[in-house]
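The lines below spell out each chain.
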Amino acid sequence: MGKYIIKRLYLMVLSLFVIMTFLFILIRLLPFHVAGAPGADNDYALILREAYGYNEPILVQYGIFLWNIITKFDWGVSMQISWLTPVSKVLFDRLPSTMYVNLFAILISIPIGLGLGIFAALRKNKIEDQIISVGVMLAISVPSFVTAFLLQYIFYSKLGWLPAIMTATDESGWFSWDTIKSIILPVFSLAVGSIAGFTRYTRAELTEVLTSDFMLLARAKGLTRTQATINHALRNSMVPIFPMIVGEFISILGGSLIIENIFAVPGVGKLYLTSIQKLDYDVFMFVSMFYVVIGLVAALMVDLSYGIVDPRIRIGGGKAE
Amino acid sequence: MKNEYNSIPKEKFEFVSQENIRFDQKFETKPIGYFKDAIMRFTKNKGSVVAGVILLLLIAFAVFAPVISSYGVNEQYTQYQYLLPKNKMFEGTGFWDGTKVKDASFKEYVYDNSHGAVVEVFEEYEQSNPTLMKYYKYRFDTYKRGFLYVTLEASAYQKLVQYENDNGIQIRYPMLDTSYTTNARLLLMHKEANYYYQLLPDMTPIFDNEGNIIPIYKVDDITGEYIYEEVTSTSVYRLRVDYDQYYVFQYGKEPLYLFGSDSFGRDIFARLGSGARLSIALGFSVALINILIGVIYGAIEGYYGGTADLIMERIADILIEIPSIILLTLFQIHFAGKIGPIPALLFAFVLTGWISTAARVRMQFYRFKRQEYVLAARTLGASDGRIIFRHILPNAIGTIITGSILMVPSVIFSESILSYLGIVDLTASDITSIGAMLNAGQTSLQYAPHVIFFPAIFISLLMISFNVFGNGLRDAFNPSLRGVEE
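Scoring rules and cut-offs
- Residues numbered from 1 in each chain as written.
- Chains lettered and ligands numbered in written order.
- Predicted model: local features only at pLDDT ≥ 70, side-chain atom pairs only at ≥ 80, totals over all residues.
- Heavy atoms only, no water.
- Helix = DSSP H or I, 4+ residues; strand = E, 2+ residues; numbered from the N terminus.
- Buried < 20%, exposed > 50% of the residue type's maximum accessible area, 1.4 Å probe, protein only.
- Areas by Shrake-Rupley, 256 points an atom, 1.4 Å probe, with all protein chains shown as cover.
- Rg over C-alpha atoms; globule rule 2.2 N^0.38 Å.
- Contact = heavy atoms within 4.5 Å.
- Buried area = accessible area lost by both parts, 1.4 Å probe.
- Salt bridge = Lys/Arg side-chain N within 4 Å of Asp/Glu carboxyl O.
- Polar contact = N/O pair within 3.5 Å; in protein donor to acceptor, adjacent residues only side chain to side chain.
- Phe/Tyr/Trp six-rings, centres within 6.5 Å; stacked < 30°, edge-to-face > 60°.
- Pairing = 2+ DSSP bridges.
- Axes fitted to C-alpha atoms, helices over the stretch in contact; angles between N-to-C directions.
- Domains from an automatic or database assignment.
- Expected span 1.5 Å × (residues − 1).
- Bend = angle between axes of the 7 residues up to and from the residue.
- Left-handed = near helix turned anticlockwise from the far one by under 90°.
- Nonpolar A, V, L, I, M, F, W, Y, C, P; charged D, E, K, R; others polar.

**Some words on the overall build of chain A**
For step 1, the next point in the chain: A count of helical and extended segments in chain A gives 13 helices and zero strands.
For step 2, the next point in the chain: Ordering the α and β elements of chain A from the N terminus gives α-α-α-α-α-α-α-α-α-α-α-α-α.
For step 3, the next point in the chain: Along the first, second and third principal axes, the C-alpha atoms of chain A reach 80 × 65 × 30 Å.
For step 4, the next point in the chain: By residue count, 47% of the 321 residues in chain A fall in the buried class.
For step 5, the next point in the chain: A total accessible area of about 16,100 Å² is found for chain A, and carbon and sulfur atoms account for 66% of it.

Shown next as structure tokens:
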């Protein structure tokens, strides 16, 4: 196991390095763009660019960039979004909003998704199952922005029950009623997709487990259907679902571009978009790398959690042990 | 024993049956090939067939909508903003005829009624809050723009008068004389051609004894006739026209928006057709290119194996780790200006899109390349290319078809996201995208939901039917499901 983790980490760092080089070159080749943030000083910006080595050949630039990261974790400063703030601070400031919304979304989607999936599997091919299947198909197919518009139109424009966009959290605090009310729509828009994903996956796994031989044995030795399902089928069907949950939990760090944009959630996804619109290259680079790291870490954790949830799965072992 | 057979005389041999040479009996059933079997299985699945039909209709819409529509994609008619969907066949029914039911105050009702935009009044009621005011509930025709001031050159003016006389239509209406008031606010209001009647300073209309509004038409002091034009500078005329008639004169057609118009008075029907064309064309071409690359790459990886496989797999591994959104964004920033936003989009999709196909093909090659029939083919002298394409690849065709048909909706989805977010900027080109339309309609979601409704419905239907169709196809082509009927 340890050996396997080390090997995976090594591969991860390698991919990360290659992707970072690729991104760095593509971004640094972009045309020069003078600062435009509030309080920006163009002369100062030019001096700063000189200090960060923007005028050197690209490989030297990359060397300086890497050296700054390794020695000081300095990824550069924002020149457009927030004048001279280190980009890592720019991003980490936005992290709480993203996590806040995503956490709620995942907390409602796991129980609902698993519940619907289990229900559908137990009623396989009956009318309830078919209704759920159609619902899942719709939820997966309909683009998230359409869902978001629909929710906004019904609950804001027509009924007027909920605010259309998220209330800024600085004034009212995280857990005030206003804030919670304002994130209901983004949370549900986010959750629809993952509920459908969980439902579909759980149903598929559970139906497979329910027809396996050990379930017959469980029934034969005298367990009721409920006992057999809860004690044997559910636990076994969780083997591939648990890693999926782990993956979802890690990806709460990365914000959804669309939902954050529609509902004005001041999070990472919104920052990514702003950095493109304002051509704040250092921020763009850092947010991109952040997304890459989340993706890689999530994939690694998913693989590792297979071994944790089911010891029979030997990850990375040789042909025989 | 052995020798006994050697000495059988020749005469003893005879043909079994010289007249009726027997053959194996022919099968009476027709052979069912792989594709035929798949199609049979597919047609059994009613949902997928329906989805396929809807898909065909949507594609037909994309092909024909821009042709049918009399409007161009970027044709703007700023006077006709947010017109509701209208179909000639539904005229007067209250549904899909460009009208809506409106609750409005007395002032607004008189305003709408004065230029003929009120079709039918349902009720008249009073609301005491905040002051005692009359309210009206009526059907409002969004296609009645009313009056407008236009400025014309002398020649164009002559043409207009000629047109009026030829067709017996009144387009010009008298100019206004605002001398009845000196109130600055009212004078400002009368700059709008639709306020052609006397108002009180609080904008309430003034009525005469019979309860009619009092027009403030400009009258020639000497002749006592209405004045229809103002000469602003040398031979440039300023007129007050009935815009709906004037539009017919100017463009030779009546305003008619099947799906309504957007904030610039552009036809949503034509724009949606154009956006649908882009989405579908992009989706299919990306899928096609990705299959080509993926099949060749995967075939080489899988067939040759060893070092080639190892190196090629590492490349694919790293490429697939790059989040596609970042790649798409970077390609847009870099290349949109040089080669156009759509080619840039295409390249970005192709750069990593082939990997999943390649992985599937590679797996199939590993499964089949050690089989005896491949060995037999090689022994008979078949070249590598022949073995790859004639003997092994057909095994992977089911997975390739399935994977590629499901690739189309994902490309369409990504494209709509990017243009929705404005990362792909199509404003400079003469096509549009569904995502861009959604973005434009978002601002008017509250008061003009039809702008966003049609693109949203279209893309949802497209995604649903593609997914259902693709899943049906997967079940039909996936040999592992053979015989497993639920």
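Moving on, there is more to tell.
**Observations regarding the overall build of chain B**
For step 1, the next point in the chain: In terms of regular secondary structure, chain B is built from 14 helices and seven strands.
For step 2, the next point in the chain: Here chain B has a C-alpha radius of gyration of 36 Å; the compact-globule value for 486 residues is 23 Å, and the former is much larger.
For step 3, the next point in the chain: Relative to its 486 residues, chain B shows a buried fraction of 45%.
For step 4, the next point in the chain: Across chain B, the fraction of contacts at a sequence separation of at least 24, relative to all contacts at a separation of at least 6, is 70%.
For step 5, the next point in the chain: Total accessible area on chain B is roughly 26,600 Å²; 58% of this is exposed by carbon and sulfur atoms.

**A few points about the interface of chain A and chain B**
For step 1, the next point in the chain: If you look at the interface, chain A gives 39 residues, while chain B gives 33 residues.
For step 2, the next point in the chain: Per-residue buried area on chain A facing chain B is highest for Met137, Phe145 and Phe149 of chain A; these three make up 16% of the total on that side.
For step 3, the next point in the chain: Linking chain A with chain B are zero salt bridges, by the criterion used here.
For step 4, the next point in the chain: For the pair chain A and chain B, the interface holds four residue pairs in polar contact (both at pLDDT 80 or more).
For step 5, the next point in the chain: When contributions to the side of chain A that touches chain B are tallied by element, the ones reaching two or more residues are helix 1 (2–28), helix 5 (127–141), helix 6 (144–158), helix 11 (257–262), helix 12 (268–277) and helix 13 (281–309) of chain A.

**As for the pattern of salt bridges**
For step 1, the next point in the chain: Applying the stated criterion across every chain, the model contains 20 salt bridges over all chains.
For step 2, the next point in the chain: With a closest N to O distance of 2.9 Å, Asp93 of chain A and Lys89 of chain A form a salt bridge. A residue pair is termed a helical-turn pair when its members lie 3 or 4 positions apart in one helix, as Asp93 of chain A and Lys89 of chain A do in helix 4 (residues 87–122) at four residues.
For step 3, the next point in the chain: Taking relative accessible area as the criterion, Asp93 of chain A reaches 45% and is therefore assigned partly exposed.
For step 4, the next point in the chain: We note a salt bridge from Glu313 of chain B to Arg362 of chain B, for which the minimum N-O separation is 3.7 Å. Within this pair, whereas Glu313 of chain B is found in helix 8 (residues 306–321), its partner Arg362 of chain B is found in helix 10 (residues 341–368), the two being separated by 49 residues in sequence.
For step 5, the next point in the chain: Residue classification places Arg362 of chain B among the partly exposed residues on the basis of a relative accessible area of 21%.

**Quick notes on the packing of aromatic side chains**
Residue and element names in this part refer to chain B.
For step 1, the next point in the chain: Considering all chains together, one arrives at 56 aromatic pairs over all chains under this definition.
For step 2, the next point in the chain: Ring geometry for Tyr109 against Tyr136: centres 3.9 Å apart, planes inclined by 5°, an arrangement best described as stacked. Placement of the pair is Tyr109 in helix 3 (residues 106–114) and Tyr136 in strand 3 (residues 133–141), with a sequence separation of 27 residues.
For step 3, the next point in the chain: Judged by relative accessible area, Tyr136 falls into the buried class, the value being 7%.
For step 4, the next point in the chain: Ring centres of Tyr243 and Tyr246 lie 6.1 Å apart, and the angle between their planes is 40°; on these two criteria the pair is classed as tilted. Remark: Tyr246 and Tyr243 occur in helix 6 (residues 243–251); sequence separation between them is three residues, near one turn of the helix. Taken as a pair, Tyr243 and Tyr246 share a single burial class, namely buried.

**Focus: the sheet that holds strand 2 (residues 118–127) of chain B**
Residue and element names in this part refer to chain B.
For step 1, the next point in the chain: The strand order 1-3-2 describes an open sheet built from three strands, whose pairing is antiparallel. Both outer strands of the open sheet, strand 1 (99–105) and strand 2, are each paired with one neighbouring strand and no more. For this sheet the average axis-to-axis angle between neighbouring strands, irrespective of direction, equals 15°.
For step 2, the next point in the chain: Bridge count for strand 2 against strand 3 is eight bridges, and the pairing is antiparallel. In the strand pairing of strand 3, Glu120 is matched with Arg139.
For step 3, the next point in the chain: Across the face of the sheet, helix 3 comes into contact with strand 1, strand 2 and strand 3 while running at roughly 135° to strand 1.

**A short note on the domain arrangement of chain B**
For step 1, the next point in the chain: What the domain assignment reports for chain B is domain 1 (89–251) and domain 2 (268–481).
For step 2, the next point in the chain: On a C-alpha basis, the centroid separation for the pair domain 1 of chain B and domain 2 of chain B is 55 Å.

**Some remarks on the environment of Ser15 of chain A**
For step 1, the next point in the chain: For Ser15 of chain A, the position within the fold is in helix 1.
For step 2, the next point in the chain: Between the C-alpha atoms of Ser15 of chain A and Leu296 of chain A, which are 281 residues apart in sequence, the distance is 8.9 Å.
For step 3, the next point in the chain: For Ser15 of chain A, the contacting residues outside a window of four places in its chain are Ile318 and Glu321 of chain B.

**Topic: helix 6 of chain A**
For step 1, the next point in the chain: Taking 1.5 Å per residue as the helical rise, helix 6 of chain A with its 15 residues ought to reach 21 Å, and the 20 Å between its terminal C-alpha atoms agrees with that figure.
For step 2, the next point in the chain: Buried within helix 6 of chain A we find Phe145, Val146, Thr147, Ala148, Phe149, Leu151 and Gln152 of chain A.
For step 3, the next point in the chain: Among the structural elements, helix 8 (177–210) and helix 11 of chain A together with helix 12 (384–421), helix 13 (434–442) and helix 14 (450–477) of chain B are those in contact with the buried residues of helix 6 of chain A.

**Details of helix 10 of chain B**
For step 1, the next point in the chain: Between its first and last C-alpha atoms helix 10 of chain B spans 42 Å; for 28 residues at 1.5 Å apiece the expected length is 40 Å, and the two agree.
For step 2, the next point in the chain: In the structure, helix 10 of chain B departs most strongly from a straight axis at Leu351 of chain B, where the bend amounts to approximately 35°.

**Some details on the side chain of Lys86 of chain B**
For step 1, the next point in the chain: Structurally, Lys86 of chain B can be placed in the loop between helix 2 (46–68) and strand 1.
For step 2, the next point in the chain: Under the relative-accessibility criterion, Lys86 of chain B is labelled buried at 9%.

**Here we look at the packing of helix 4 of chain A against helix 10 (residues 225–250) of chain A**
Residues and elements named next belong to chain A.
For step 1, the next point in the chain: One can describe the packing of helix 4 onto helix 10 by two numbers: an axis separation of 11 Å at closest approach and a directional angle of 145°. At the point where helix 4 passes helix 10, the crossing takes the right-handed sense. Facing Leu103, Ile106, Ile110, Leu114, Ile118 and Leu122 of helix 4, the residues of helix 10 in contact are Arg225, Thr229, Leu234, Met238, Ile241, Ile245, Glu248 and Phe249.
For step 2, the next point in the chain: Looking at the contact of helix 4 with helix 10, its residues break down into eleven nonpolar, one polar and two charged.

**Re unusual backbone geometry**
Backbone geometry follows two general trends: most residues other than glycine have a negative phi, and most peptide bonds adopt the trans configuration.
All names here are of chain A.
For step 1, the next point in the chain: Even without being glycine, Leu279 reaches a positive phi, approximately 55°.
For step 2, the next point in the chain: Tracing the backbone through its elements, the reader meets Leu279 in the loop between helix 12 and helix 13.
For step 3, the next point in the chain: Exposure remark for Leu279: the relative accessible area of 26% places this residue in the partly exposed category.

**Quick word on the packing of helix 4 of chain A against helix 8 of chain A**
How two helices pack is summed up by the angle between their axes together with the distance between the axes.
Residues and elements named next belong to chain A.
For step 1, the next point in the chain: As a packed pair, helix 4 and helix 8 sit with axes 5 Å apart at the nearest point and diverge in direction by 35°. Crossing geometry of helix 4 relative to helix 8 is assigned as right-handed.
For step 2, the next point in the chain: Classifying every residue of the contact of helix 4 with helix 8 by side-chain character gives 24 nonpolar, nine polar and one charged.

**A look at the environment of Ile315 of chain B**
For step 1, the next point in the chain: Along the polypeptide, Ile315 of chain B turns up in helix 8.
For step 2, the next point in the chain: Separated by 40 residues in the primary sequence, Ile315 of chain B and Ile355 of chain B place their C-alpha atoms 9.9 Å from one another.

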